[in-house]
Each structure stands twice: as structure tokens, then as C-alpha cells.
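Here are the chains, one letter per residue:
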Amino acid sequence: MSFPVVITGMGAVTVFGDGCTALFEALRKGESGLHELRGIAVARGKNRSAQIEDPRRTGPWRLSDMAVDAAREALAQAGGPAPGVTGLYVGTTGGDNRALEDRWEDFLAARRALAAGADPQVDDELAEAMVRFPIGVLADVLAHRLGIEGPRYAVTNACASGTTATAMALLALRQGTVDRAVVVGADHLKATSYWGAERAGFVGHDLRPFHADRDGSVLGDGAGALVLERAADTAAHGGTPLAGLAGWAITCDDNPHAIIPPEDGASNAEAVRLALADAGISPEEVDYFNAHGTGTPLIDRLETASARLVFGDRAGQVAISSTKSIVGHLAAASPIIEAIATVYCLTEQWVHPTAKLDRIDPALTLDYVPLRGRPQRIRAAVSNSLGGGGTNAVLAFRPQDSAQAAPDAFEPVPDVVVTGTGAVSRLGDGPDALEAAYGPNVAPGRTRPYSVLDHIDAAAGYQYLSRSAQLGFGAAAQAMADAGLPVPLPAEGPLAGRRVAVVMGTAVGGLSAMAETLCPHLSADPTRITPSMSLDHGPQLAATLVCRAAGVTGPMVTLISGPAAGLQAVEVGRALLAAGACDIVIAGGGDAGDAPTRDAARLLASRQGRAGEEPTDSAACVVLERADGARERGAPVRAVVTGCASWSEPQAPDRTEAAAGALTRCLTAVGAAGADRPHLSYHVGKGNLSDTGEVKLLASGFQPEALGGALAAGPLLAVVAAVARVAVEPGAAAIVSTVAPGGSAAALRLAGPDGGRG
């Protein structure tokens, strides 16, 4: 039995104003908040938006301000500080990167000056825009401004990002990793997202879900926040639960596409069923379904089909409504705003309407609550989210007074084994190439550039997608082959694709390549933009490609937490295995050393009077399994992951000095500090292990500088190297650690196949 988790605080910033009260009033009225699109060139007459026009919401960092205000409201309602560990979970698709996109011409001018050997003109705002371009930096900004110390994660699963972040927080509370979780979803409308989505056919002239004349969605600005706690802890400090967050599930579409989901709704229905099963709720108890409700013809048909598959003959008795019809499509913020709307409906025993639904599509025959809300008995509710790249993410809710009794203790996290590894670095492909990073003389590196076609036939078309996605797929393909996993995985049996998860980490993903492609067209002639310019560069595409090639339909998560994201992918994968959400995890990390990323690093280093570490094409991957499962299938056990942890101090995102306290906390958590036996040390990134107090670590001889600026892949490449070392040295154990700007640190402990017993 899992610890019951409750929502104790909610915060919102929407087109209707600041605060949940403004949102609730809008839900009661059931009127759309859409208005004329401003500040962005209009494509094909699609001039509607849900932009926030409050004059206080201006400037390059308006998204951070909205996110902070939503989080502060939620924390205030939850009762301020609480004892124990607080985790921060942030979902976003664009973060603060609009600031650099809006000044792309200035960025290009500085890059040209740098290339010519001249003095680049980089003012403070442009420098900060470069620092904040990686969208996961939004989590660092939030932690710094809110003073949150503890585990910190940034998630980007397209428009399902907020639900994915909430699911991760729920798991952490159940497993005792944190005592309170602050979950934030935030995005704002920008030219690249509007034009990219419009060219892909996603944007319509109005947002009218389930309407006979619907033709697409309408984008806007927003931020939402939730505070989650275990029910017993809430009672102990006198908090007031608003609702029970009872269950979660994430699935991936079969053969996922960058934006087009399968119309049959089967993958989405599976996510709904799994969320209800996790919550201990039967489909017969569900009275309200908060739809993804984008107003696109396909997704409305998909959700209707999904509801019919889950609820059967009583599907017509389940009230379905779209919050987006009122607040607009807010990308990663939408799932949090929709969760807040679901809690409000559950609390009020009332269902908000679907706005503008004066003529329902005759092919859609369920109860979409048109135009006016109504009282409704709600015993349980679900909130449904879909994300480009194939994600289906669902949360299940109960009334706050129906929480189950808590178990006596947290269930221990089992030992997890590594059964396969893969690597792509400037030293070459495969784990063996990393041997060149040991010793005094580092080998010159690759003899030919990396090609994704070494791992998949050209007919698959992966060579047209972002370099970041190609790199991640290549490392994963190696790791799966090393683990003896068939590609594709079977639909049923012990290696069924639905029992496999993919967790990928990245610092930038394909967003730099997308901006490099789109921004010049936006300033010259945006009508030249084509669908592939945006669809081929989503940061979640490495995970999507792995799922497509391998037939994975289980949980799919993309972390964009900077240099720590690769180690966090292992941490999250271990949590998924412990929760029984899957039997196998493909955990990886990767980034491309493309021109804008390299130039930004050089410009920032030059401005600070230091030598910059040039980002390089890099990726790494490990296959994780529970030890008993690996033995049962006869898998080759390469190493045992006996501990992993991440921790962050609330530093400003441009702070590059090491967070020694955070690193010490991580090393202690995984068993390095005060351990009876010394461990081989693999430290990647900032910081000095001598600053962390009493630790017993031995130099492994591994030189991370040989990897270049490997970003999220760097620490995971060190994991791959450490796995190879402990696998052949009886009794060996290793610690892999990293510290990143913004105060984040992560560490992982590996033992040999014998568990480090010798």
C-alpha cells in the first residue's frame, strides 16, 4: 500500500489574472478568455491567443515571474514552510528561452564578431539570455527566488510536461525521497512556438473543443503550481488537504510521431486504466474526465475513443469538459491548470463547462458539458494530458476526505543492475572508446563523424531529425544490443514493450538547432517556415526515437535538468522500477555540440575572462533492471546501482562555483562519506571533492576533460566507463558525481556484479 498523497496548495496565473480565485470565477462563467493575438505576425488569419496582457507581465523574464508568483500562492495556501525535504519539479517546453530568440540578431552579431577575432558586444541582458536559454534553467531560477533547497528536476514532455512532473513528485513522496513537493508548469507564447505549431497544422482560428466546426488550438501564456504532501504529514503540521492525488500513469503511443497521435485512443486508454489501477479506483467510480481538449479534430476524436474504451457502456454518464476552451492552450502549464480545475470541480461537486460548444460534432456522442456548468456528484476524477512525441499522461483524483490509511514504513528501493551500456563521445562510439580517457595521454579521438545510420536503416528517416535526438538514439541502440534486448521488443511476454520505460536527460536538446533554423525566418519572412523546422527538433525526440525503434509503449520521460540530467535519468529510472511501473529502463543522456551552443559557451567564457569548455556531440545510455528480473531472463549483469541521489542549493543560475554542500549531501546519501571501503572516483563538472568533508575516494584515472563539454552526457559517460571497470575488478565500487551551475549536484554508486563484496 502506498502512502496517500494530498494536494495542499494551488497557484495560478492565467489570462484572467493572478490567483486561483480569478481562474475559478472564469470556470464558473464558462466564457473563453481568448482575444486578439498581439506582437507576433499572424499566419493565415489565425489571430487568436490567450496571452496575458497585464502591464506588469512584461520584460524578458516574464515567464519566471509568472511561475514564481504561482508557486508562492500555492506555498502560502499550503501553510508556508514544512519540516523535512522539499523537492521542486518543473515542467516546461520553452522556459525563458524566448529572451534569446527575441534577440537572435544581436546573438548572431556577437557570434560573427567572435569568429572574426573582434570584441563581441554582449550586454548584461544578452548574457543572461544565453545563460537561461536551456529551458531547465527555469527550475534553477525558481529555486533561487523561492529559496528551495532539495532535489530539483526539470521535465519536458511537450504539452504533458506538467503531468509528468506531477507524477515524478507523487512517486518521490511515496518512496520517501521528499516530504513535500512543489510542482510548477509554466510556458508563454512566443513567435517560434506559434509559427512552428501553425505550420504543423495545430493552430486554429478559434479554440472550440468537440465543436462541429473546430479547426485547431489557440496558444497562450500561463503558470500553475501545486504543493503535494503525504496525508499523514499534512495532518501532523495542521495543513488542510484540498484533494487526494491518488494515482498516475504514463504511456507512449505505439510507433510514436512527433505530433500526430493514433486516433484509436488505445494508448491513451491504457494510461487512464493504469492511473485508475494505481489509485485503486474502478472505472465505475469516475464521474468527471478533464480532457486534454485542444480543439484539434484528431485529439477530440482520440479522447472520445479513449473514454469509450475505458468506461464502456457508461461512457455517456461521465462528464467531460475542456479547461483549454476557457484559458487557452498553455503548453506545459496546461496540465497543472487543468489539475487545479479538476480539484475545484471535485471540491465543489460541480463540473465546469466546455466554452463555445454550441454545436457538438455529430460524430462525438458523449457528455461534453456544453456552455454551462452544472452540479455533479464526483466520486473520482481523472485529468488527461497528451504530449507531442507520443506521451499519454494521466492523474487520478479523489475527494480530500477519502484518503487511505498510511503504511507503517516506506518500501525499500531494490538493488538495480546495469545490463547494457552504450556511448557516443568525441573519443569514438561504444564503451571501449572511453578507455582512451584513462592515463596521461588522451587519444586523438574519432576517426570519422558519428552517424545515426550506423544504428538504423536510412529508410527510417532518423537522419533528418535533430542531432541531439540522433545521438541519444545511437547510445540507446548500443545499450540495448549489449543487454541482449531484441529490437523491436515483443508486444507480449516478459520483454513486452509496455513493460519498458525510456528516461532521457539533456541540457539543451534540439532547441538550439530549432532557434537557429526558425529565428532568421521570423525576422525575414516567417511564411518560409516549414513543419519540419520545428517538429524535427523537440527536446523529447531522443526518447521518442528509442520508443519508435524498440517498440516501447511504457513510461517515457525527458529530463532537461542541465549537466545533472543524465544521472537524474538513472535516478528516475530506478524509482520507476521500484514502483513496479516497468521491468526494464533505458536511461540515457545526450546533447549536440552545435554552433549556437558552442558559440554561447565561448561568448560567456570570454565575457568572464576565462577559457570556455566547448560543447561536443555526446550521448550515453544504460539499461537498468531489477536484479531478480535480470537473473530470470539470463541477462548479463555488468554492475549494481546501489544508490543515486540529487540535491540542489538555491543558487542563481549564472553562479558557476561548486555547490559543495549539495555534493556532500549526495555523496553521503549514496554511501561515499564515511564508507568502510574507498571507492573509485569519477567526478565530472565543477567542484573539488576535497571540499566535501570526509569521503573515502580513490582516483580512478578517468579524465573527464577528455570528453570535452559533454553536458548531460558527461556524467553518464563516466558511469559507462565505471561500469566497465567495476565489472572486471572483484570487490570494486565506484562513485560517479557531478556539480552544475545553479547549485545542482548528483551522485551515483556502482558496485561490481558481485555487489562489491569481493
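Just so we're clear, the structure is a prediction, and the values are computed from it rather than from any experiment. (Residues numbered from 1 in each chain as written. Predicted model: local features only at pLDDT ≥ 70, side-chain atom pairs only at ≥ 80, totals over all residues. Heavy atoms only, no water.)

Focus on the pattern of salt bridges
Within this structure, the stated rule accounts for 50 salt bridges. Linking Asp 140 and Arg 152 is a salt bridge whose minimum nitrogen-to-oxygen distance equals 2.8 Å. Of this pair, Asp 140 sits in helix α6 (residues 137-146) while Arg 152 sits in strand β6 (residues 152-155), and the two are 12 residues apart along the sequence. Residue classification places Asp 140 among the buried residues on the basis of a relative accessible area of 11%. A salt bridge links Lys 324 to Glu 338; its shortest N-O distance comes to 2.6 Å. In this pair, Lys 324 sits in helix α12 (residues 324-327) while Glu 338 sits in helix α13 (residues 334-348), placing the two residues 14 residues apart along the sequence. Of the two residues, Lys 324 and Glu 338, both sit in the buried class. Through salt bridges that share partners, Asp 18, Asp 54, Arg 56, Arg 57 and Asp 69 make up one connected network. (Salt bridge = Lys/Arg side-chain N within 4 Å of Asp/Glu carboxyl O. Helix = DSSP H or I, 4+ residues; strand = E, 2+ residues; numbered from the N terminus. Buried < 20%, exposed > 50% of the residue type's maximum accessible area, 1.4 Å probe, protein only.)

Looking at the packing of aromatic side chains
Aromatic ring pairs are reported here in terms of the distance separating the ring centres and the angle at which the planes meet. In total, this model carries 12 aromatic pairs according to the counting rule given. Note on Phe 210 and Tyr 368: the rings are 4.3 Å apart at their centroids and 20° apart in plane angle, and the pair reads as stacked. Within this pair, whereas Phe 210 is found in the loop between α8 (191-199) and β8 (222-230), its partner Tyr 368 is found in the loop between β12 (350-351) and β13 (374-375), the two being separated by 158 residues in sequence. For the residue pair Phe 210 and Tyr 368, the accessibility class agrees, reading buried in each case. Note on Tyr 462 and Phe 473: the rings are 5.0 Å apart at their centroids and 85° apart in plane angle, and the pair reads as edge-to-face. (Phe/Tyr/Trp six-rings, centres within 6.5 Å; stacked < 30°, edge-to-face > 60°.)

Here's the deal with helix α7 (residues 161-175)
Here α7 contains 15 residues, and its C-alpha end-to-end distance of 21 Å stays within 8% of the 21 Å for a straight helix at 1.5 Å per residue. Judged by how many residues are buried, α7 sits mostly within the fold: 15 of 15 residues are covered. At the C-terminal side of α7, Gly 176 shows a positive phi close to 80°. (Expected span 1.5 Å × (residues − 1).)

Brief notes about the nonpolar core
If you look at the biggest cluster of nonpolar residues, it comprises 125 residues, and the most contacted ones within it are Tyr 89, Leu 228, Leu 624 and Tyr 682. Per element, the largest residue contribution to this core is 10 residues, and it comes from helix α22 (residues 713-726). With sequence-adjacent residues up to four places away left out, Leu 624 is seen in contact with Val 416, Val 417, Val 418, Val 570, Arg 574, Leu 577, Asp 583, Ile 584, Val 585, Ala 587 and Val 641. Counting residues in hydrophobic clusters, the runner-up holds 65 residues, among them Val 131, Ala 225, Met 533 and Ala 600. (Core = buried A, V, L, I, M, F, W, Y, C linked by side-chain atoms within 4.5 Å. Contact = heavy atoms within 4.5 Å.)

Section: the packing of helix α4 (residues 104-115) against helix α19 (residues 595-607)
Close contact between α4 and α19 brings their axes to 10 Å; oriented N to C, the two are set at 70°. Between α4 and α19, the angle falls in the class roughly perpendicular. Side by side, α4 and α19 meet where Trp 104, Phe 107, Ala 110, Arg 111 and Leu 114 of the first sit next to Ala 595, Pro 596, Asp 599, Ala 600, Arg 602 and Leu 603 of the second. Split by residue class, the contact of α4 with α19 holds 8 nonpolar, no polar and 3 charged. (Axes fitted to C-alpha atoms, helices over the stretch in contact; angles between N-to-C directions. Parallel < 35°, antiparallel > 145°, perpendicular 65-115°, else oblique. Nonpolar A, V, L, I, M, F, W, Y, C, P; charged D, E, K, R; others polar.)

Examining the pairing of strand β20 (residues 584-591)
Within β20, 8 of the 8 residues are buried, which leaves it mostly tucked inside the rest of the structure. Of the two faces of β20, the one carrying Ile 584, Ile 586, Gly 588 and Gly 590 and the one carrying Val 585, Ala 587, Gly 589 and Asp 591 are both buried. Strand direction decides the pairing type here: strand β18 (residues 500-505) and β20, joined by 6 bridges, are parallel. Bridge assignment links Val 500 to a residue of β20, and that residue is Ile 584. Looking at chain direction, β20 and strand β21 (residues 618-626) are connected through 8 bridges and run antiparallel. Bridge pairing in β21 places Ile 586 opposite Val 623. (Pairing = 2+ DSSP bridges.)

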